[in-house]
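If you want the building blocks of each chain, they are given just below.
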There are 2 protein chains.
Amino acid sequence: MNKISLLSQLTIILVRPKYPGNIGAAARIAWNMGIENLIVVSDQLPEREPMAQMATHKAAHLIDNLRLCTTLPEALAPFSIIIGTTARRGRQRIIERSPREIVETILPQLENNRTALVFGPEDSGLTNEDLKHCQLLSAIPTADFSSLNLAQAVAIHCYEIYYGIVHSQKDMLPAPRLASSFELESMYSCLEKSLTQIDFMGEKSHTYWMNNIRQFLAQTKLSSKDTNIIRKICRKFLLNSKTKNINHNGAP
Amino acid sequence: MNKISLLSQLTIILVRPKYPGNIGAAARIAWNMGIENLIVVSDQLPEREPMAQMATHKAAHLIDNLRLCTTLPEALAPFSIIIGTTARRGRQRIIERSPREIVETILPQLENNRTALVFGPEDSGLTNEDLKHCQLLSAIPTADFSSLNLAQAVAIHCYEIYYGIVHSQKDMLPAPRLASSFELESMYSCLEKSLTQIDFMGEKSHTYWMNNIRQFLAQTKLSSKDTNIIRKICRKFLLNSKTKNINHNGAP
């Protein structure tokens, strides 16, 4: 795979954007930087005209080929690398890195992994629930911890990706394919059931524990095979605990 | 001077912008990246409301303190380092560099030199006449030699400057103060008169020769003192040639 074709692995995902003009501006900069895939997470597709106007005729095909998803997990299912963008500095989060550091991290993984770059709504950014699905967190460094205009945040990320790919070493060794978001979510779901079954998590702290487990596992670059193994272990575990429970209750 | 205060040396100049919203978006990203000075070159100040709306209340003071100049030379007069931004790849130009290379070049000079970053109108960019005043030319690398949305081009440049300054070496040796645009323009004017006087330039190729001389001298980092010396030489030269001409013509 040549350097420039690595860009086809990337998709820009805009979650619940408020202004159609920003979708158009995102399409234009994505096209400027060689990225052709755009997904909008929303209940309905915004009006075409204000999007197309900001996209200009050169990036109009990105607007016409725009994929609409009603939920973020649906949009993310096929991706193995998911980068959330944020301006906020909250607790219980993955470590925030600059877009440049993120690009350095993902470059060797791009050849074998479809990658999503996720942006939240203009006013509030991605929610904690949205960020749960992201393995990497990108925050643009600013003078005053201030939040950027959405279209400009997309611009800076697309620029860093394009620049990073063009200036990357030719003999970079590609990293193997990682598990997709769909596979990871199935695994987390199994894990949660198992941990509930053994009463590891109190009723109130489910989110706390699951977020910690997600953050821990996000660092380990799980393959598709790894998620299968974990799921199998969980299933066996569930089966075994049920048997034990039945025995405890004395039921047949 | 500490690193962050270097940002006060920078000014964003928007030449004949068409959409007030883009001025607001430029103000917001400038503020995000610690740059507080904004100049608009135009016949009249655009309506405040659409500018302020895009600037958001956090960067509204940049809109209120916006300087309006009717010509680019008037706007540029106090600056010693002038960076023109362009998407086009023309002939007879200074070498285009990426914003990152530009930032590396200007970093040691920032402490002693006021620096202008100049952006052209949305549809056509800076003219050759505008670019004549620029010593450095910045072109954002794109996948298809395509032109960027103005507000996004401003964003990428402000981001590169902020990032470059924050990550610069602490013990960087500052370069000396260079001549201001006002001093340089006086010098070029003297030079042109002298070269005309000695018939160095044919009538048609004035622009050609002067652009070449500008490009050559732009690389030499002239100080205020240097421009004074060159001006003095030119004046002496003019005085001497006139005497000669008078002698040639045989007039008293």
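Residues numbered from 1 in each chain as written. Chains lettered and ligands numbered in written order. Predicted model: local features only at pLDDT ≥ 70, side-chain atom pairs only at ≥ 80, totals over all residues.

Within chain A one finds 10 helices and seven strands. For the C-alpha atoms alone, the extent of chain A along its principal axes is close to 70 × 40 × 35 Å. Burial statistics for chain A: of 252 residues in total, 41% are counted as buried. Counted over contacts in chain A with a minimum sequence separation of 6, partners at least 24 positions apart contribute 86%. (Helix = DSSP H or I, 4+ residues; strand = E, 2+ residues; numbered from the N terminus. Buried ≥ 20, exposed ≤ 12 C-beta atoms within 10 Å, placed from the backbone. Contact = placed C-beta atoms within 7 Å.)

Moving on: the nonpolar core. Counting 138 residues, the largest nonpolar core has Ala26(A), Ala30(A), Ile13(B), Ala26(B) and Ala30(B) as the members making the most contacts within it. Non-local contacts of Ala26(A), meaning those with residues more than four positions away in its chain, are made with Ile12(A), Leu14(A), Leu38(A), Ala151(A) and Val154(A). (Core = buried A, V, L, I, M, F, W, Y, C linked by C-beta atoms within 7 Å.)

Taken together, the contacts link 22 residues of chain B with 22 residues of chain A. Mapped onto the side of chain B that touches chain A, the elements with two or more residues apiece are helix H1 (20-32) and helix H7 (150-166) of chain B. Its residues assigned to classes, the side of chain B that touches chain A shows 14 nonpolar, six polar and two charged. (Nonpolar A, V, L, I, M, F, W, Y, C, P; charged D, E, K, R; others polar.)

Looking now at the sheet that holds strand E5 (residues 96-97) of chain A. Residues and elements named next belong to chain A. With parallel pairing, the seven strands of this open sheet are ordered in space as E3-E2-E1-E6-E4-E7-E5. With one partner strand each, in any of the chains shown, strand E3 (67-69) and E5 form the two edges of the open sheet. Packing of helix H7 (residues 150-166) onto the sheet brings it into contact with strand E1 (10-15), strand E4 (81-85), strand E6 (115-119) and strand E7 (136-138), and relative to E6 it is tilted by some 155 degrees. (Pairing = 2+ DSSP bridges. Axes fitted to C-alpha atoms, helices over the stretch in contact; angles between N-to-C directions.)

Turning to H1(B), a few remarks are in order. The end-to-end C-alpha distance of H1(B) is 19 Å, a good match for the 18 Å that 13 residues give at a rise of 1.5 Å each. In terms of residue burial, H1(B) counts as a mostly covered element, since 12 of its 13 residues are buried. For H1(B), the complete set of buried residues consists of Pro20(B), Asn22(B), Ile23(B), Gly24(B), Ala25(B), Ala26(B), Ala27(B), Arg28(B), Ile29(B), Ala30(B), Trp31(B) and Asn32(B). Structurally, H1(B) contributes buried residues whose contacts are with H7 of chain A together with strand E1 (10-15), strand E2 (37-41), helix H2 (48-55), helix H3 (60-64) and H7 of chain B. Note on H1(B): the residue one or two positions beyond its end, Gly34(B), has a positive phi of about 80 degrees. (Expected span 1.5 Å × (residues − 1).)

For the rest of this paragraph, the subject is the domain arrangement of chain A. Residue and element names in this part refer to chain A. Domain annotation for chain A reports domain 1 (4-166) and domain 2 (181-249). A straight line from the C-alpha centre of domain 1 to that of domain 2 covers 30 Å. Tallying the contact residues gives 11 residues for domain 1 and seven residues for domain 2. Class assignment for the residues of the side of domain 1 that touches domain 2 results in seven nonpolar, three polar and one charged. (Domains from an automatic or database assignment.)

Moving on: the packing of helix H5 (residues 99-106) of chain A against H7(A). Residue and element names in this part refer to chain A. Where H5 meets H7, the axes come as close as 9 Å, and the angle between the chain directions of the two elements is 40 degrees. The angle between the axes of H5 and H7 places the two elements in the oblique class. Pair H5 / H7 crosses with right-handed handedness. Packed against H5, whose contacting residues are Pro99, Arg100, Val103 and Glu104, the element H7 presents Ile156, His157, Glu160, Ile161 and Gly164 at the interface. The residue inventory of the contact of H5 with H7, partitioned by class, reads four nonpolar, two polar and three charged. (Parallel < 35°, antiparallel > 145°, perpendicular 65-115°, else oblique. Left-handed = near helix turned anticlockwise from the far one by under 90°.)

Our focus in this paragraph is the relation of the copies chain B and chain A. The transform that puts chain B on chain A rotates by 180 degrees and translates by 0.0 Å along the axis, for an RMSD of 0.0 Å. The symmetry that links the two subunits is that of a two-fold axis. Mapped onto chain A, 100% of the interface residues of chain B again fall at the interface, so both copies present the same surface. (Least-squares fit on C-alpha atoms with pLDDT ≥ 70 in both.)

Turning our attention to the sheet that holds E1(B). Each strand in a sheet pairs with its neighbour through backbone hydrogen bonds, running either in the same direction (parallel) or in the opposite one (antiparallel). Residues and elements named next belong to chain B. An order of E3-E2-E1-E6-E4-E7-E5 is seen for the seven strands of this open sheet, with the pairing classed as parallel. Among the strands making up the open sheet, the edge pair consists of strand E3 (67-69) and strand E5 (96-97). Looking at chain direction, E1 and strand E6 (residues 115-119) are connected through five bridges and run parallel. Looking at the pairing, Thr11 lines up with Ala116 of E6. Its contacts with the sheet put helix H5 (residues 99-106) on strand E4 (81-85), E5, E6 and strand E7 (136-138), and the angle it makes with E7 is roughly 150 degrees.

Turning our attention to the environment of Gln197(A). On the secondary structure map, Gln197(A) appears in helix H8 (residues 181-197). Between the C-alpha atoms of Gln197(A) and Ser168(A), which are 29 residues apart in sequence, the distance is 47 Å.

The next subject is the environment of Ile95(B). Residue and element names in this part refer to chain B. Relative to the assigned elements, Ile95 resides in the loop between E4 and E5. Note on Ile95: 10 C-beta atoms within 10 Å, which makes it exposed. In sequence terms Ile95 and Ala139 are 44 residues apart; their C-alpha atoms lie 9.7 Å from each other.

Right, let's get into the confidence of the model for chain A. All names here are of chain A. Residues of chain A with pLDDT of at least 70 account for 90%, and the chain-wide mean is 87. Per-residue pLDDT stays below 50 along residues 245-252; that stretch engages in one contact with residues further than four places along the chain or on separate chains. Model confidence for the complex: the whole-complex pTM is 0.83, and ipTM, which rates the interface, is 0.80. (pLDDT = per-residue confidence, 0-100.)

Time to look at the packing of H1(B) against H7(B). All names here are of chain B. Put simply, H1 and H7 touch, their axes get as near as 9 Å, and they point 15 degrees apart. Classified by the angle between their axes, H1 and H7 sit roughly parallel to one another. In the packing of H1 onto H7, the handedness of the crossing is right-handed. Of the residues in H7, those touching H1 at Asn22, Ala25, Ala26, Ile29 and Ala30 are Leu150, Ala151, Val154, Ala155 and Cys158. Of the residues in the contact of H1 with H7, the class split is nine nonpolar, one polar and no charged.

Once that is clear, we can look at the pairing of E6(B). All names here are of chain B. Most of E6 sits inside the fold, with four of its five residues counted as buried. As paired elements, E4 and E6 share four bridges and run parallel to each other. The partner of Ile82 across the bridge, within E6, is Ala116.

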